[in-house]
Amino acid sequence: MSGWIFLVALVALVVFCVALGIYFHASPLLKRGVRHSAVCVNVGQVAGGSMILLEYTPVGAPARQYTVGPFVFPPVRIGGRMDVIYDPKRPQEVTLPDRLPRSTRGLVITSAVSGAVLAACVLRIVLAVQG
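The structure displayed is predicted, hence computed values, not measured ones. (Residues numbered from 1 in each chain as written. Predicted model: local features only at pLDDT ≥ 70, side-chain atom pairs only at ≥ 80, totals over all residues. Heavy atoms only, no water.)

(A) Main features of the pairing of strand S5 (residues 90-95). In terms of strand pairing, strand S4 (residues 81-87) meets S5 through three bridges, oriented antiparallel. The partner of Ile85 across the bridge, within S5, is Thr95. (Pairing = 2+ DSSP bridges. Helix = DSSP H or I, 4+ residues; strand = E, 2+ residues; numbered from the N terminus.)

(B) Structural view of the nonpolar core. If you look at the biggest cluster of nonpolar residues, it comprises 14 residues, and the most contacted ones within it are Ile52, Leu54, Tyr56, Tyr66, Val68, Val84 and Leu96. Secondary structure elements with two or more residues in this core: strand S1 (34-46), strand S2 (49-56), strand S3 (64-71) and S4. Apart from residues lying up to four places away in sequence, Val68 is in contact with Ser50, Met51, Ile52, Leu54, Leu96 and Arg99. The next biggest cluster of nonpolar side chains, apart from the first, holds five residues, and it includes Ile5, Ala9, Ala12 and Leu118. (Core = buried A, V, L, I, M, F, W, Y, C linked by side-chain atoms within 4.5 Å. Buried < 20%, exposed > 50% of the residue type's maximum accessible area, 1.4 Å probe, protein only. Contact = heavy atoms within 4.5 Å.)

(C) Representation of the sheet that holds S2 in the model. Spatial ordering of the open sheet is given by S3-S2-S1-S4-S5, a layout of five strands whose pairing is antiparallel. Looking at which strands have only one partner, the edges of the open sheet turn out to be S3 and S5. Averaged over all pairs of adjacent strands, the angle between their axes in this sheet comes to 45°, without regard to strand direction. Examined bridge by bridge, S1 and S2 share seven bridges and lie antiparallel to one another. Within S2, the residue paired with Val46 across the bridge is Gly49. (Axes fitted to C-alpha atoms, helices over the stretch in contact; angles between N-to-C directions.)

What follows is the structure, given as structure tokens:
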């Protein structure tokens, strides 16, 4: 029985960490993200498809580069443009608009539920070890 509890705790920990990581990346971009046009400066091949190197220039900051992919079919060629969303306070935080969740409500709920399940499993394991 404790093997199942340990497995559930491990899954809950992974889900909790992933949801929290996505939340911390997406939340600032949703709150204050700036949509900006980036230019494709390189297209490279990897095992999973094509990687695209985009260059964008945040307002009042030097140009930055962002690698995105893999794509089965690259959406742009070298010299083509794609929109990105970056955080003006941390311009290195950037993503494509379609990779950003519409809200963080689901991430907060997922974090809360997985955190509660994790806490219950840890409590159960601690009580089993003591008793």
